[in-house]
Amino acid sequence: GAVVYICSATLGVGVLALPYAIKSAGLVVGLLLLFGASILTICSIDWITKAMHRTGCTTYDDLTYAICGTVARYTLEFLNFVFCFGGSVA
């Protein structure tokens, strides 16, 4: 439920803003930036997947705790709450 909501909120905003962003940056620069962002996204997912495999964690919350400790875990939980709250208010 929550994961689907977060994905739909994030993708919805991206779909609405993408044409304007490409128009503002220009077609060539906009497409290059879009391609660069997609490469960085793929790398990030790959790094997170490898870290989860090496630590044996099954959730991103557990991975954050294993790598960064308690403060980072609670910070992540708070930021997720703020994101979800902002999405539900908007």
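Here's a quick rundown of the structure. Bear in mind the structure is a predicted one, so any value in this text is a computation, not a measurement.

Some details on the overall build of the protein
Working step 1: Within the protein one finds 4 helices and 0 strands.
Working step 2: Beginning at the N terminus, the succession of helices and strands in the protein can be written as α-α-α-α.
Working step 3: Restricting to contacts in the protein with at least 6 residues of sequence separation, those with at least 24 account for 20%.
Working step 4: As presented, the protein carries roughly 7100 Å² of accessible surface, and 76% of it is formed by carbon and sulfur atoms.

A short note on the side chain of T64
Working step 1: By the element assignment, T64 lies in helix α3 (residues 60-68).
Working step 2: In this structure, T64 is in contact with G69, A72, R73 and L76, ignoring residues within four places of it in sequence.

Looking at helix α2 (residues 27-55)
Working step 1: In a regular helix each residue adds 1.5 Å, so 29 residues correspond to 42 Å; α2 covers 42 Å between its end C-alpha atoms and thus fits that length.
Working step 2: Within α2 the residues assigned to the buried category are G30, A51 and M52.
Working step 3: Backbone geometry just after α2 places G56 at a positive phi near 80 degrees.

Quick word on a nonpolar patch on the surface
Working step 1: A surface patch of nonpolar side chains, amounting to about 570 Å² of accessible area, comprises L18, L27, V28, L31, L32 and L34.
Working step 2: When you line up the elements, V28 lands in helix α2.

Let's talk about the packing of aromatic side chains
Working step 1: Here the structure, examined in full by the defined rule, presents 1 aromatic pair.
Working step 2: Arranged with centres 6.0 Å apart and planes meeting at 20 degrees, the rings of F81 and F85 form a pair that is stacked. Taken together, the residues F81 and F85, both in helix α4 (residues 70-89) and 4 residues apart, mark about one turn of the helix.
Working step 3: By relative accessible area, F81 is classed as exposed at 53%.
Working step 4: Positioned above the aromatic ring of Y65, the side-chain terminus of R73 is 4.9 Å from the ring centre.

What counts as what
- Residues numbered from 1 in each chain as written.
- Predicted model: local features only at pLDDT ≥ 70, side-chain atom pairs only at ≥ 80, totals over all residues.
- Heavy atoms only, no water.
- Helix = DSSP H or I, 4+ residues; strand = E, 2+ residues; numbered from the N terminus.
- Contact = heavy atoms within 4.5 Å.
- Areas by Shrake-Rupley, 256 points an atom, 1.4 Å probe, with all protein chains shown as cover.
- Expected span 1.5 Å × (residues − 1).
- Buried < 20%, exposed > 50% of the residue type's maximum accessible area, 1.4 Å probe, protein only.
- Patch = residues over 30% accessible without salt bridge, like charges linked within 9 Å, V, L, I, M, F, W, Y side chains within 5 Å.
- Salt bridge = Lys/Arg side-chain N within 4 Å of Asp/Glu carboxyl O.
- Phe/Tyr/Trp six-rings, centres within 6.5 Å; stacked < 30°, edge-to-face > 60°.
- Lys NZ or Arg CZ within 6 Å of the ring centre and 35° of its normal.

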